[in-house]
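So you can see what is in the structure, the chains are spelled out below.
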Amino acid sequence: MKKARLVMIGAWGHGAAMLNHLAGGGAEHIELAALGMTSATETFDGWKQQHAWLRDVPVYDDYRSLLNKVEADFAVVSTALPHLPAAILETLNAGLPLYTEKPIAADEATLRELQRAASGKQLFVLFTTGNHSHPALRKIRELADAGTLGKIAIVNARKSYPWADDRPAKFPVKYGGTLGWVGIHALEFITAATGLDFRKVSAMESNVLSADYADCPDNVAVCLELSNGAHATLSLDYHRPRGSRTHGDDWIRVAGTTATVEANLSRNTFLLTGADGEQADTPMPRHENWFDLIPQALAGDERQAQRCHTLTNEAFRLSQVAIIAQQAAISGCTMAIP
């Protein structure tokens, strides 16, 4: 199929995953046309050191100039959180579908503005793994849809990162906080694995490291009511020990009335337990590459276009839930999720 022309806006965050995809063979379907800066301090130097082939790609000092001058089919917007919502909005207004860093908004008014601009386009929240393509989450969804788990009764999800002293500057509550940056991953674990939606939320958060870091909670506990009447809990923290074998600690447990499944996404372990015992060698689906979804949709693949539409809606829904969960943590009240 014809290559889709890509522009990249911003040089921070998970956008590097698209570059890794291109370097690993993804350039068969995608042509990187240009790079656009969102600020003078966020340069592409680090990415160019890692990928020598980027040195030949044109760089625009102002991404708005790139959007006006470069012919493109889609974009990756991956920039520091202070610049992110505006860069997403400008890109959508330029008519481009996009993959984007998260959280796309820290308040409901900004989220609604982005939703209006995204009408008719494909918008993704750019997660580390593309959680819907993770084999373990896809397998849990297969088991749930097949009735193997029975009726889902409770879901527990966990995500843990190491602490760094620059986190308060990069991820304060005013830009979405720990719930927007970390919690949205765990929320997606739940929707990807079960297909269930959210109805109510309560949350608590604090910083036990130092009062100087209060703008960036280092631990968060969330309780949610799910659309089938069941419940879910999220455990989020910045206390992942430096000596841990993996950077993150991504884990989910889904308990149903007939079986329970537990998966550690970081360590690639999977355990299904039912009346007949434990099964740790369950065959997994293959890992899908979701960076080709938009190019395939643009090339006329109706199935992938529908997946883009579905994932776009979910990106906004997860963003809304994360925002309301943050409001619940601040207010100390249980809040309805419309």
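Calculation notes
Residues numbered from 1 in each chain as written. Predicted model: local features only at pLDDT ≥ 70, side-chain atom pairs only at ≥ 80, totals over all residues. Heavy atoms only, no water. Helix = DSSP H or I, 4+ residues; strand = E, 2+ residues; numbered from the N terminus. Contact = heavy atoms within 4.5 Å. Areas by Shrake-Rupley, 256 points an atom, 1.4 Å probe, with all protein chains shown as cover. Phe/Tyr/Trp six-rings, centres within 6.5 Å; stacked < 30°, edge-to-face > 60°. Buried < 20%, exposed > 50% of the residue type's maximum accessible area, 1.4 Å probe, protein only. Pairing = 2+ DSSP bridges. Axes fitted to C-alpha atoms, helices over the stretch in contact; angles between N-to-C directions.

1. Remarks on the overall build of the protein chain
- Helix and strand counts for the protein chain come out as 10 helices and 15 strands.
- Counting only C-alpha atoms and orienting by the principal axes, one finds that the protein chain spans roughly 60 × 50 × 40 Å.
- Long-range pairs, those at least 24 residues apart, make up 70% of the contacts in the protein chain between residues at least 6 apart in sequence.
- Accessible area of the protein chain: about 14600 Å², with a carbon and sulfur share of 48%.

2. Details of the packing of aromatic side chains
- Counted under the stated rule, the structure contains 12 aromatic pairs.
- Considering the side-chain rings of phenylalanine 74 and tyrosine 99, the 6.2 Å spacing of their centres and the 70° angle between planes classify their relative orientation as edge-to-face. You can see phenylalanine 74 sitting in strand β4 (residues 74-77) and its partner tyrosine 99 sitting in strand β5 (residues 98-100), a full 25 residues away along the chain.
- Take tyrosine 99: its relative accessible area is 0%, and that puts it in the buried class.

3. Let's talk about the sheet that holds strand β13 (residues 269-274)
- Read across the sheet, nine strands follow the order β14-β13-β12-β11-β7-β10-β9-β8-β15 without closing on themselves; strand pairing throughout is mixed. Edge positions in the open sheet fall to β14 (277-279) and β15 (335-336), since each of these has one partner strand only.
- As paired elements, strand β7 (residues 152-160) and strand β10 (residues 231-237) share seven bridges and run parallel to each other. Bridge pairing in β10 links serine 160 to aspartate 237.
- In the packing of helix α6 (residues 135-146) onto the sheet, the strands contacted are β7, β11 (251-256), β12 (260-264) and β13, and the crossing angle to β13 comes to about 15°.

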